[in-house]
Amino acid sequence: MAASVREKQTVALKRMLNFNAPPLKNAAAEPVWKVLIYDRFGQDIISPLLSVKELRDMGITLHLLLHSDRDPIPDVPAVYFVMPTEENIDRICQDLRNQLYESYYLNFISAISRSKLEDIASAALAANAVTQVTKVYDQYLNFITLEDDMFTLCHQNKELISYHAINRADIQDTEMEAIMDTVVDSLFCFFVTLGAVPIIRCPRGNAAEMVAVKLDKKLRENLRDARNSLFTGDNMAAGQFSFQRPLFVLVDRNVDMATPLHHTWTYQALIHDVLDLQLNRVVMEEGAGADPSPTGARPKKKIRKTYDLTAADKFWQKHKGSPFPEVAESVQEELDSYRAQEDEVKHLKSIMGLEGEDDGAISMLSDNTAKLTSAVSSLPELLEKKRLIDLHTNVATAVLDHIKSRKLDVYFEYEEKLMSKSTLDKSLLDIISDPDAGTPEDKMRLFLIYYITAQQAPSESDLEQYKTALLDAGCDLSPLNYIKQWKAFTKMAATPANYGNSGVKPMGLFSRVMNSGSQFVMEGVKNLVLKQHNLPVTRILDNLMEMKSNPETDDYRYFDPKMLRGSESSIPRNKNPFQEAIVFVVGGGNYIEYQNLVDYAKFKQGKKVVYGCSELSNAAQFTKQLSQLGQK
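Keep in mind that what you see is a predicted model, and the values were worked out from it rather than measured. (Residues numbered from 1 in each chain as written. Predicted model: local features only at pLDDT ≥ 70, side-chain atom pairs only at ≥ 80, totals over all residues. Heavy atoms only, no water.)

Asks: Sorry, what's going on with the pattern of salt bridges here?
Replies: Pairing is possible between side chains of opposite charge, provided their charged atoms come close. One pass over the full model with this rule turns up 28 salt bridges. A salt bridge links R245 to D560, with the nearest nitrogen and oxygen atoms 2.7 Å apart. Of this pair, R245 sits in the loop between helix 9 (234–237) and strand 9 (247–252) while D560 sits in the loop between strand 15 (557–559) and strand 16 (580–586), and the two are 315 residues apart along the sequence. The pair R245 / D560 is uniform in exposure class, with both members buried. Across the pair K604 and D542 runs a salt bridge whose closest N-O atoms are separated by 4.0 Å. Here K604, found in the loop between helix 22 (591–602) and strand 17 (608–613), pairs with D542, found in helix 21 (residues 536–545); they are 62 residues apart in sequence, far enough to count as distant. (Salt bridge = Lys/Arg side-chain N within 4 Å of Asp/Glu carboxyl O. Helix = DSSP H or I, 4+ residues; strand = E, 2+ residues; numbered from the N terminus. Buried < 20%, exposed > 50% of the residue type's maximum accessible area, 1.4 Å probe, protein only.)

As structure tokens, then:
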């Protein structure tokens, strides 16, 4: 897979913005100025991939939401990027009637039906605008890429395909079909964009199997229709594929319920857990200092800050999977090296007697000092470095505040021990009843993990005791009601997931970061270092990718959409290990599993693993879904 999904989706978007022609190579040509009209779905797909500056470079002067009030701009072409929904189509027809733009390039995020196309055609006729509708395209881009090796299906109304939606007790068959169709439509778009037909493996008897059956059927129908197949011809001929097809493993969230509730210790997953991280953007409220405002004065307003964590940010790319203490140290090191560079520039200015002088003086002297020239030319670079250091200092400090105030290191260490079945150094009851340790939600998460991973469920009397303690701590017990049913049900179906012998070794308290000059006061936070271990999802992938025999995965179904007759078998035709695999979790994923897969792939030379999920939920959102299920 030479190009990552992220690159392919970006290329597809740039093509679309260039009126579906390959972008021009020569930079001298002025782009055609145009407006971009998208709906919320389109916005979510574009925003993690293209910045406003990149859009401007592509000639986009304005980008507007489809359902906002837009003024007519009669001499400009408009590129639309929207879902083919009823209300979107109506609005496009209205735009045609109002003659808002010079020409219309309609791009649908996923395939538009024949009848809706006819609606647009008749509206264009009525509005006398047939010549202005220049092109209509199905883009097959109905998924959101967040990393080179991670994608999620939707962000806008993700509650429609969430864990809660799939596992409701009162769900109708028709509703389930609709959810599965939505998921399959997005996955189909994903493979069209990837340009590969996968070999599909899935467990039996759950939502993942339904998705697999439907996806197999959809891919197969598309491959049969030779004239309109999306997997032949020019998009395949580019030679961008290795000969081997990717393996597509579908798993159900119910395989592993502990990980989505787990407290984590790596940077990216921590940000997602304790701050508000959506589509690679962190939103933080920065209070104006802790001091109470003088009596009678209006309370100070909290400033909302947003930070984008992008692929271009080298620090982020390097450290997003590191344990938090390492990140704090690295931020500190970056800060120190930046200060040294800054001092050098100041020092040069003072030598040249230019303190407080205007910049004109600098330019006069610049010819006789190569040193100063290099210092000045490195300024933009320094400023960008400073911006990134500030960003990570703020984000890491915010995360650290949560770790300290909620004792997240204690939770993390304890949960790791629970999951790896190692000996516990203090009783669960102590942590639950300790008023200083964590929020009620933290306690509930800890207890749920204990309940999920326990070999045998606690006795009734113990359970009552735990419940009382949880209620005293202010917890909502409804998630437990659901997990109890879930556990009773899975006990009949399967053995509990095994979390491998993970372990955390405390490394003594921080030495380097403890020095007084540091931004991060780490007192009392444990310096925990992770040992590599595979979570259930990673282990399933490993068995299927390496063709290992294992009772856990031997029963997985096998689909090959390229085979003429869909033979129903779990016997793989292909006996060689796969080089590329995509794991997809139906019912929601998280950054903990993603990070675990990334770490797994690091140890496997030349193997590519991509993680996908129907929605990204952090532990708080997942707990909320469990409590909704428990209230039924």
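Asks: Looking at this structure, I do not really get the sheet that holds strand 12 (residues 303–308). What am I missing?
Replies: Sheet strands line up and pair through hydrogen bonds in the backbone, either parallel or antiparallel. The sheet built from three strands is open, its strands ordered 10-11-12 with antiparallel pairing. Edge positions in the sheet fall to strand 10 (276–278) and strand 12, since each of these pairs with one other strand and no more. On average, each strand axis in the sheet is tilted by 25 degrees relative to the strand beside it, whichever way the strands run. (Pairing = 2+ DSSP bridges. Axes fitted to C-alpha atoms, helices over the stretch in contact; angles between N-to-C directions.)

Asks: Explanation requested: the packing of helix 16 (residues 408–419) against helix 18 (residues 440–453) in the structure shown.
Replies: For any two helices packed against each other, one specifies the crossing angle of their axes together with the interaxial distance. Interhelical geometry of helix 16 versus helix 18 gives an angle of 10 degrees and a closest axis separation of 9 Å. Relative to helix 18, the element helix 16 lies roughly parallel. From helix 16, L408, Y411, Y414, E415, L418 and M419 reach across to helix 18, where they touch D442, K443, L446, I449, Y450 and T453. Partitioned by chemical class, the residues of the contact of helix 16 with helix 18 number eight nonpolar, one polar and three charged. (Parallel < 35°, antiparallel > 145°, perpendicular 65-115°, else oblique. Contact = heavy atoms within 4.5 Å. Nonpolar A, V, L, I, M, F, W, Y, C, P; charged D, E, K, R; others polar.)

Asks: Looking at this structure, how should I read unusual backbone geometry?
Replies: Glycine aside, a negative phi is what most residues show, and trans is what most peptide bonds show. Unusually for a residue other than glycine, Y140 sits at a positive phi of about 50 degrees. Mapped onto the elements of the fold, Y140 is located in the loop between strand 5 (133–138) and strand 6 (144–147).

Asks: So what exactly am I meant to see when it comes to the packing of aromatic side chains here?
Replies: Summed over all chains, the structure comprises 23 aromatic pairs. On the basis of an interplanar angle of 50 degrees and a centroid distance of 5.1 Å, the ring pair of F447 and Y466 is categorised as tilted. Here Y466 lies in helix 19 (residues 460–472) and F447 lies in helix 18, a separation of 19 residues in the sequence. Looking at F447, the relative accessible area reads 0%, which means it is buried. Within the aromatic cluster, the residues linked to one another by ring pairs are F143, F151, F190, F191, F248 and F584. Above the ring of F19, the side-chain terminus of K34 is found at 5.0 Å from the ring centroid. For the cation-ring pair, K487 lies above Y451, with the distance from its terminal atom to the ring centre recorded as 5.7 Å. (Phe/Tyr/Trp six-rings, centres within 6.5 Å; stacked < 30°, edge-to-face > 60°. Lys NZ or Arg CZ within 6 Å of the ring centre and 35° of its normal.)

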